[in-house]
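Here's the letter readout for the chains.
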Amino acid sequence: MWSHIMFEHPSTFDTLAMDPNKKKEILNDLLTFSKSKDYYKKVGKSWKRGYLLYGPPGTGKSSMIAAMANLLDYDIYDLELTSVNDNTDLRKLLIDTSSKSIIVIEDIDCSLDLTGQRKKKKEDKKPDQKDPIRKKEKDKNKKKTEVTLSGLLNFIDGLWSACGSERLIIFTTNHVEKLDPALIRRGRMDKHIEMSYCCFETFKVLAKNYLDLESHDLFATIDRMLEETRMTPADVAECLMPKSAEEDAESCLNELIKSLENAKEEARLKVVESEDNGGQKVQECDESSDSEDD
Ligand SMILES: Nc1ncnc2c1ncn2[C@@H]1O[C@H](COP(=O)(O)OP(=O)(O)OP(=O)(O)O)[C@@H](O)[C@H]1O
């Protein structure tokens, strides 16, 4: 059922850029878990732990999962819920996973909706009334949308808990607010980890990794700009990566500053645009209420 590929992701807790205290807390949590077989037995809990990783795209959720697998030397099972036929297949798949593993369900909000019915695949959302081929395709997919929220919850609480041991289950999402609270309550997802935009602490790790720099005159400017502008660690990392043999650390830092300036300007223009639209709408309302009065 599962196909096997060699896992060789180079991400580690050293290369992961995030607040150092938060990083230490997660590291301790994982190490404690991996050494707690007897403890879990003593308290009558199955030796499992659930993590919810949430935050915007490019903040390091996948890198965190790879760092966890590398730290504990666990296998990763990457589960694409939209391609699982039904709850029975889900159960079979999960029973088929081995101990010392991480089961990952990425973008959980795209796989399940709050009523427990799986969301249809993107292309199903397109109008298909007049297109018999699309309709046929849609009907085919309809039959497949049988994995439900309750199926997933039953699985986490029941069968999976009772079989095997030493496993992590990780859900990732870009939209934590869309998730059903039942799915992520403590006990199911024991630890909630927010991956967020790049702060100065995060930048320092990236500067060390990408440029071997621990300090520089431009750091103060970057610190100030990161407080004013939201940029993902993925975008910061891209700026810090030298693109030619001539590019030195300072020019990479300058490129980052330029990108931050652009991002700040884009954000300012968006605010102006939305204020203009808001103003226009208010004006339209005023005009229509004027005409009603007439
Ligand atoms: N916190 C981080 N620390 C180190 N590198 C990072 C971090 N965040 C992003 N990166 C870099 O950006 C790339 C993309 O990040 P990653 O795939 O981990 O983000 P993600 O949050 O999982 O994104 P998505 O939600 O789109 O899957 C990584 O390969 C890595 O090089």
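Since the model is a prediction, treat every value here as computed from it, not as a measurement.

Reading guide: rules and limits
Residues numbered from 1 in each chain as written. Predicted model: local features only at pLDDT ≥ 70, side-chain atom pairs only at ≥ 80, totals over all residues. Heavy atoms only, no water. Helix = DSSP H or I, 4+ residues; strand = E, 2+ residues; numbered from the N terminus. Buried < 20%, exposed > 50% of the residue type's maximum accessible area, 1.4 Å probe, protein only. Contact = heavy atoms within 4.5 Å. Near = heavy atom within 4 Å. Polar contact = N/O pair within 3.5 Å; in protein donor to acceptor, adjacent residues only side chain to side chain. Areas by Shrake-Rupley, 256 points an atom, 1.4 Å probe, with all protein chains shown as cover. Expected span 1.5 Å × (residues − 1). Pairing = 2+ DSSP bridges. Right-handed = clockwise from strand over helix to strand, strands pointing away. Arc of directions from axis to C-beta. Axes fitted to C-alpha atoms, helices over the stretch in contact; angles between N-to-C directions. Left-handed = near helix turned anticlockwise from the far one by under 90°. Nonpolar A, V, L, I, M, F, W, Y, C, P; charged D, E, K, R; others polar. Salt bridge = Lys/Arg side-chain N within 4 Å of Asp/Glu carboxyl O.

Scanning the chain from terminus to terminus reveals 13 helices and five strands. In the chain, buried positions account for 39% of the 294 residues. Considering only contacts within the chain whose residues lie at least 6 apart along the sequence, 77% involve residues at least 24 apart.

Near the ligand lie 16 residues; those nearest to it are Ala17, Gly58, Lys61, Ser62 and Ser63. At a separation of 3.2 Å, an oxygen atom of the ligand approaches a polar backbone atom of threonine 59. The contact in question runs from an oxygen atom of the ligand to an N or O atom on the side chain of asparagine 174, over 3.3 Å. For the ligand, whose free accessible area comes to 630 Å², the fraction covered by protein is 73%.

This part covers helix 3 (residues 61-72). Each α-helix winds once per 3.6 residues, and so residues spaced three or four apart point in a common direction. In this model helix 3 runs 17 Å from its N-terminal to its C-terminal C-alpha over twelve residues, within 8% of the 16 Å that 1.5 Å per residue would give. For helix 3, the full list of buried residues reads Lys61, Met64, Ile65, Ala66, Ala67, Met68, Ala69 and Leu72. Immediately beyond the C-terminal end of helix 3, within one or two residues, lies aspartate 73, with a positive phi of roughly 60°.

Note that strand 2 (residues 75-78) and strand 3 (residues 101-105) share four bridges and pair parallel. Along strand 3, the bridge assignment pairs isoleucine 76 with isoleucine 102. With helix 4 (residues 87-95) bridging strand 2 and the parallel strand 3, this β-α-β connection has right-handed handedness.

Residues of helix 12 (residues 233-240) that are buried: Pro233, Val236, Ala237, Cys239 and Leu240. Across the axial projection of helix 12, the buried residues extend over an arc of 160°, all falling on one side.

The next thing to look at is the packing of helix 10 (residues 200-211) against helix 12. Where helix 10 contacts helix 12, the two axes come as close as 10 Å, and the packing angle between them is 35°. When you trace helix 10 past helix 12, the crossing you get is right-handed. In this structure, helix 10 uses Thr202, Phe203, Leu206, Ala207, Tyr210 and Leu211 to contact helix 12, whose residues at the interface are Pro233, Val236, Ala237 and Leu240. Taken together, the residues of the contact of helix 10 with helix 12 break down into nine nonpolar, one polar and no charged.

In total, this model carries eleven salt bridges according to the counting rule given. Taking the shortest distance from any N to any O, the salt bridge between lysine 191 and glutamate 25 comes out at 2.6 Å. Separated by 166 residues along the polypeptide, lysine 191 in strand 5 (residues 191-194) and glutamate 25 in helix 1 (residues 20-34) bring together distant segments of the chain. Relative accessible area serves as the criterion here: at 45%, glutamate 25 is assigned to the partly exposed category.

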